[in-house]
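Each chain, written out:
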Amino acid sequence: PSIRQKVVENIHSQPLNDTSIQSTLHEIKAELTDQKVDLSMLPYLQKLLDNPTAENAEKVTKHYRRVLTKCSDLMANITR
């Protein structure tokens, strides 16, 4: 199964709490490591996977929302 499928399975198979979230993030990190993903290229995600706190989750969310906005703006400019 893909990482996405594993996350969905974990979230739906147990009550959502700090332990289940940390367990899911641990599995994600293990899967990414197994796939030889260089997490140093994704520092916000790496920090969350190493230290899954609400504060780090918020930082990751804000950062990648900004990235997605920039990408969307670039795509809009390209298609004009």
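Residues numbered from 1 in each chain as written. Predicted model: local features only at pLDDT ≥ 70, side-chain atom pairs only at ≥ 80, totals over all residues. Heavy atoms only, no water.

*Asks:* Explain unusual backbone geometry to me, please; I cannot follow it from the model alone.
*Replies:* Apart from glycine, the bulk of residues carry a negative phi angle, and the bulk of peptide bonds sit in the trans form. One non-glycine residue, Lys36, lies in the positive phi region at around 65°. Examined against the element boundaries, Lys36 turns out to sit in the loop between α2 (18-34) and α3 (43-50). A relative accessible area of 73% means that Lys36 is categorised as exposed. (Helix = DSSP H or I, 4+ residues; strand = E, 2+ residues; numbered from the N terminus. Buried < 20%, exposed > 50% of the residue type's maximum accessible area, 1.4 Å probe, protein only.)

*Asks:* Sorry, what's going on with the pattern of salt bridges here?
*Replies:* Proximity of charged atoms lets side chains of opposite charge pair with each other. Tallied over the entire structure, the rule returns two salt bridges. Across the pair Lys29 and Asp50 runs a salt bridge whose closest N-O atoms are separated by 2.3 Å. One end of the pair, Lys29, is in helix α2; the other, Asp50, is in helix α3, and 21 residues separate them in sequence. Accessibility expressed as a relative area gives 27% for Lys29, which makes it partly exposed. Overall, the relative accessible area of 46% leaves Asp50 in the partly exposed class. Lys59 is the salt-bridge partner of Glu55, the closest N and O atoms lying 3.4 Å from each other. Taken together, the residues span about one helical turn, with Glu55 and Lys59 both in helix α4 (residues 54-78) at a distance of four residues. Since its relative accessible area comes to 52%, Glu55 is described here as exposed. Classification of Lys59 as partly exposed rests on a relative accessible area of 36%. (Salt bridge = Lys/Arg side-chain N within 4 Å of Asp/Glu carboxyl O.)

*Asks:* Sorry, what's going on with α4 here?
*Replies:* Since the α-helix packs 3.6 residues into each turn, any two residues three or four apart lie on the same face. For α4, which comprises 25 residues, the first-to-last C-alpha distance of 36 Å matches the rise-based estimate of 36 Å (1.5 Å per residue) to within 8%. Along α4, the residues that are buried comprise Asn56, Val60 and His63. Each element contacted by the buried residues of α4 is listed here: α3. (Expected span 1.5 Å × (residues − 1). Contact = heavy atoms within 4.5 Å.)

*Asks:* Sorry if this is basic, but what is going on with the nonpolar core here?
*Replies:* As a rule of thumb, nonpolar side chains are buried together in soluble globular proteins. With seven residues, the main nonpolar core is built from Leu25, Ile28, Leu32, Leu39, Leu48, Leu49 and Val60. Of all the elements in the fold, those that place two or more residues in this core are α2 and α3. Counting residues per element, this core draws most heavily on α2, at three residues. Apart from the residues within four sequence positions on either side, Leu48 is in contact with Leu25, Thr53, Asn56, Ala57 and Val60. (Core = buried A, V, L, I, M, F, W, Y, C linked by side-chain atoms within 4.5 Å.)

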